[in-house]
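Observations on chain architecture
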Amino acid sequence: MEDNNSSPGSPKENPDQENEAGKVTKDDGSLENMVRRIQDSMSIGKRHKFWETQPVGQFKDIGDSSLSDGPIEPPTPLSEIKQEPYNLPNSYEWTTCDMDSEETCLEVYNLLKNNYVEDDENLFRFNYSKEFLGWALRPPGYYPSWHIGVRAKASKKLVAFISGVPARIRARNDVVKMAEINFLCVHKKLRSKRLAPVMIKEVTRRVHLENIFQAAYTAGVVLPTPITTCQYWHRSLNPKKLIDVGFSRLGARMTMSRTIKLYKLPDSPATPGFRKMELRDVPAVTRLLRNYLSQFVVAPDFDETDVEHWLLPKESVVDSFLVESPETHEVTDFCSFYTLPSSILGNQTYSTLKAAYSYYNVSTKTPLLQLMNDALIVAKQRDFDVFNALDVMENESFLKELKFGPGDGQLHYYLYNYRIRDALKPSELGLVLL
Ligand SMILES: CC(C)(COP(=O)(O)OP(=O)(O)OC[C@H]1O[C@@H](n2cnc3c(N)ncnc32)[C@H](O)[C@@H]1OP(=O)(O)O)[C@@H](O)C(=O)NCCC(=O)NCCS
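As the structure is a prediction and not an experimental result, all values here were calculated from the model. (Residues numbered from 1 in each chain as written. Predicted model: local features only at pLDDT ≥ 70, side-chain atom pairs only at ≥ 80, totals over all residues.)

1. Focus: the nonpolar core
As a reminder, the rule being used: As used throughout, a nonpolar core is a set of buried Ala, Val, Leu, Ile, Met, Phe, Trp, Tyr and Cys residues joined through C-beta atoms within 7 Å of each other. Counting other C-beta atoms within 10 Å of its own, a residue is labelled buried from 20 upward, exposed at 12 or fewer, and partly exposed in the gap between, with every C-beta atom placed from the backbone. Secondary structure elements are defined from DSSP: runs of H or I of at least 4 residues count as helices, runs of E of at least 2 residues count as strands, and each element is numbered from the N terminus. Note that domain bounds follow an automatic or database assignment of domains. C-beta atoms are first placed from the backbone for all residues, and any pair lying within 7 Å is then listed as a contact.
The biggest cluster of nonpolar side chains holds 107 residues, and the ones touching the most others in it are Phe161, Val285 and Phe387. In terms of residue count, the dominant contributor to this core is strand E4 (residues 158-171) (nine residues). Both of domain 1 (51-225) and domain 2 (229-413 + 422-428) provide at least three residues apiece to this core. Phe161 has contacts with Cys97, Val108, Leu111, Ile148, Gly149, Phe183 and Cys185, leaving out every residue within four places of it along the chain.

2. Notes on the sheet that holds strand E13 (residues 352-353)
In a beta sheet, neighbouring strands pair by backbone hydrogen bonds and run either parallel or antiparallel. Rules: Any two strands with at least two DSSP bridges between them are considered paired.
Here we have three strands laid out as an open sheet, ordered E2-E12-E13, and antiparallel in their pairing. One side of each edge strand has no neighbouring strand; the edge strands of this open sheet are strand E2 (124-126) and E13.

3. Let's talk about the UniProt feature "domain: Glycylpeptide N-tetradecanoyltransferase N-terminal" (unreviewed entry) in the protein chain
Going by this rule: UniProt positions are given in the numbering used here, feature names are shortened, and annotations may be inferred rather than shown by experiment.
According to UniProt, the feature "domain: Glycylpeptide N-tetradecanoyltransferase N-terminal" (unreviewed entry) maps to residues 71-230 in the numbering used here. Secondary structure content for residues 71-230 is 22% helix and 31% strand, while the C-alpha to C-alpha distance between its ends is 23 Å.

4. Some details on the pairing of strand E17 (residues 405-416)
Buried residues dominate E17, accounting for nine of its twelve residues. Two elements, strand E6 (residues 214-219) and E17, share five bridges in a ladder whose sense is antiparallel. Opposite Ala219, over in E17, you have His412 as the bridge partner. Pairing of strand E7 (residues 228-236) with E17 involves six bridges; the strand directions are antiparallel. When the bridges of E17 are listed, Thr229 appears paired with His412.

5. Looking at the UniProt feature "domain: Glycylpeptide N-tetradecanoyltransferase C-terminal" (unreviewed entry) in the protein chain
Within this structure's numbering, the places UniProt gives as "domain: Glycylpeptide N-tetradecanoyltransferase C-terminal" (unreviewed entry) are residues 244-427. Across residues 244-427 one finds 25% helix and 27% strand; the C-alpha atoms that close the span lie 33 Å apart.

6. A look at the packing of helix H7 (residues 282-293) against helix H8 (residues 304-311)
As a reminder, the rule being used: Axes, fitted as lines to C-alpha atoms, cover a helix only where it is in contact. Angles between the N-to-C directions of the axes lie from 0 to 180 degrees. To sort the angles, those under 35 degrees are grouped as roughly parallel, those over 145 as roughly antiparallel, those from 65 to 115 as roughly perpendicular, and the leftovers as oblique. Residues are grouped as follows: Ala, Val, Leu, Ile, Met, Phe, Trp, Tyr, Cys and Pro are nonpolar; Asp, Glu, Lys and Arg are charged; all remaining types, including Gly, are polar.
Close contact between H7 and H8 brings their axes to 9 Å; oriented N to C, the two are set at 100 degrees. Classed by the angle they form, the pair H7 and H8 counts as roughly perpendicular. Mapping the contact onto sequence places Val282, Pro283, Val285, Thr286 and Leu289 in H7 and Glu304, Val307, Glu308 and Leu311 in H8. Here the residues of the contact of H7 with H8 are counted per class, giving six nonpolar, one polar and two charged.

7. Observations concerning unusual backbone geometry
Of note, the amide linkage connecting Pro224 to Thr225 takes the cis form, showing an omega dihedral of -25 degrees. Relative to the helices and strands, Thr225 resides in the loop between E6 and E7. Phi at Phe183 takes a positive value of approximately 60 degrees, unusual for a residue other than glycine. Along the chain, Phe183 falls in strand E5 (residues 174-186). Overall, Phe183 belongs to the buried group, with 21 C-beta atoms counted inside 10 Å. Even without being glycine, Arg194 reaches a positive phi, approximately 65 degrees. Of note, Arg194 is situated in the loop between E5 and helix H4 (195-208).

8. Here's the deal with the pairing of strand E11 (residues 331-339)
For E11, a buried count of eight out of nine residues is recorded, marking the element as mostly surrounded by other parts of the structure. Relative to E11, strand E10 (residues 318-324) is paired through seven bridges, and the arrangement is antiparallel. Across the sheet, Ser320 pairs through a bridge with Ser336, a residue of E11.

9. What to know about the domain arrangement of the protein chain
Size of an interface, as often reported, equals the accessible area lost when the parts are brought together. Looking at the assigned domains, one finds that the protein chain contains domain 1 (51-225) and domain 2 (229-413 + 422-428). Distance from the C-alpha centre of domain 1 to the C-alpha centre of domain 2: 26 Å. Elements with a contribution of two residues or more to the side of domain 1 that touches domain 2: E2, helix H3 (130-137), E4 and E6. Top element by residues in the side of domain 1 that touches domain 2 is E4. It accounts for five residues. Here the residues of the side of domain 1 that touches domain 2 sort into 14 nonpolar, five polar and six charged.

10. Observations regarding the environment of Thr286
If you trace the backbone, Thr286 turns up in helix H7. Along the primary structure Thr286 and Val362 are separated by 76 residues, whereas in three dimensions their C-alpha atoms are 11 Å apart. The residues touching Thr286, leaving out its near neighbours within four places in the chain, are Phe302, Asp303, Glu304 and Val307.

11. Observations regarding the environment of Phe59
Tracing the sequence through the fold places Phe59 in the loop between helix H1 (31-42) and strand E1 (92-96). On the neighbour-count criterion, Phe59 (18 C-beta atoms within 10 Å) is partly exposed.

12. Side note on H4
Selection criterion: By this rule the span expected of a helix is its residue count minus one, scaled by 1.5 Å.
For H4, spanning 14 residues, the distance from its first C-alpha to its last is 20 Å, which sits close to the expected 20 Å at 1.5 Å a residue. Buried within H4 we find Val198, Met199, Ile200, Val203, Thr204, Arg206 and Val207. For H4, the elements touching its buried residues are strand E3 (147-152), E4, E5 and E6.

Set out below in structure tokens:
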């Protein structure tokens, strides 16, 4: 199994034997073959007609120590920013998607539900809920003009989408106003017509108009040039369903009942003082999180307004818990996950895979392993089928022990118009994008 888009994906098998197309290859071990395999896996040999023209780290610059970290090109003066939108093919037109409108939100939801990211075997497709999209696209200070759609002129049908939201992101000591770009989607019937580069240029133009010149984004595909490459890990909560729908397979020498027993969790969290985060906790959680994130090379610079938006629990969107010391009432630990179901394509019994995605976690008193075990327990209580986590921040310290298995795809992180000379280890990254 191979899953280039990473997330609706599934646990990996025989990782050494599969190439990009998921075909099994024979490795003769020659130097030539090794070089080709490395180039293939990084797609360094490939031309990128669009990305080669953009202010992003280029493959040819890898290892060039004369280049320094920071913006690649200076801000464009307002007078030099194109005032009109880029041209679209004649039968299409730009639309700004008003996410306050139930009707428009539903159109975006349906476009993504039917056309957004699938795993390589086309078993699953992300199904971000309308509530999730409303949350993800309207953080503090958001720009409505960054919610960009394309419609067919004749039918007015929404056929493509791209979005940005503002964020302050710190790279080493530099806090930079950026756009977080997400939900790039082109209708299946309009693929491979070079519409994506036009969408990307248009969102860039509208970001520039707000005097912002950097962006952060992730993709399952390799583009010039990742600041880091992460892996998803999956922790089964409902192993029978995951096996029934083809998300995971029964291990060698395992029966269903042994598998169910292996993944069984206690009914309730173990840590005294573990409870849901509330509005009154925003200042304490902000302090905890700011202090924790300061150790990573790239991380968001959250203030209380950001924490209230991104981390205060929101039904079926984001869950957050903390540990309040029963003695001192001090908030010492925090964990969170967001809700991102996937549609199960073509299964008679099940239509939805309910997945929780690890978001931001901070431990100062409760060991991270115990904190995350409690997160698994409350996710199970809430009927999630699987708990996913990237190998970012300190997550590696609990993944294996808490019975997460490695996924078969990778998630690459990118910055636009900001060079990070040496790629980071996933553990140096303190940023989770939705
Ligand atoms: C991603 C998607 C919009 C690309 O559209 P497309 O029709 O396949 O590709 P186009 O012909 O329009 O454009 C190709 C260019 O876009 C780039 N591109 C493709 N996917 C990209 C991505 N996820 N992020 C940034 N650039 C991307 C390609 O690298 C290529 O540029 P290059 O020649 O410089 O390499 C489309 O495949 C899609 O909607 N897929 C499902 C949803 C998805 O995967 N979204 C991205 C989530 S990260």
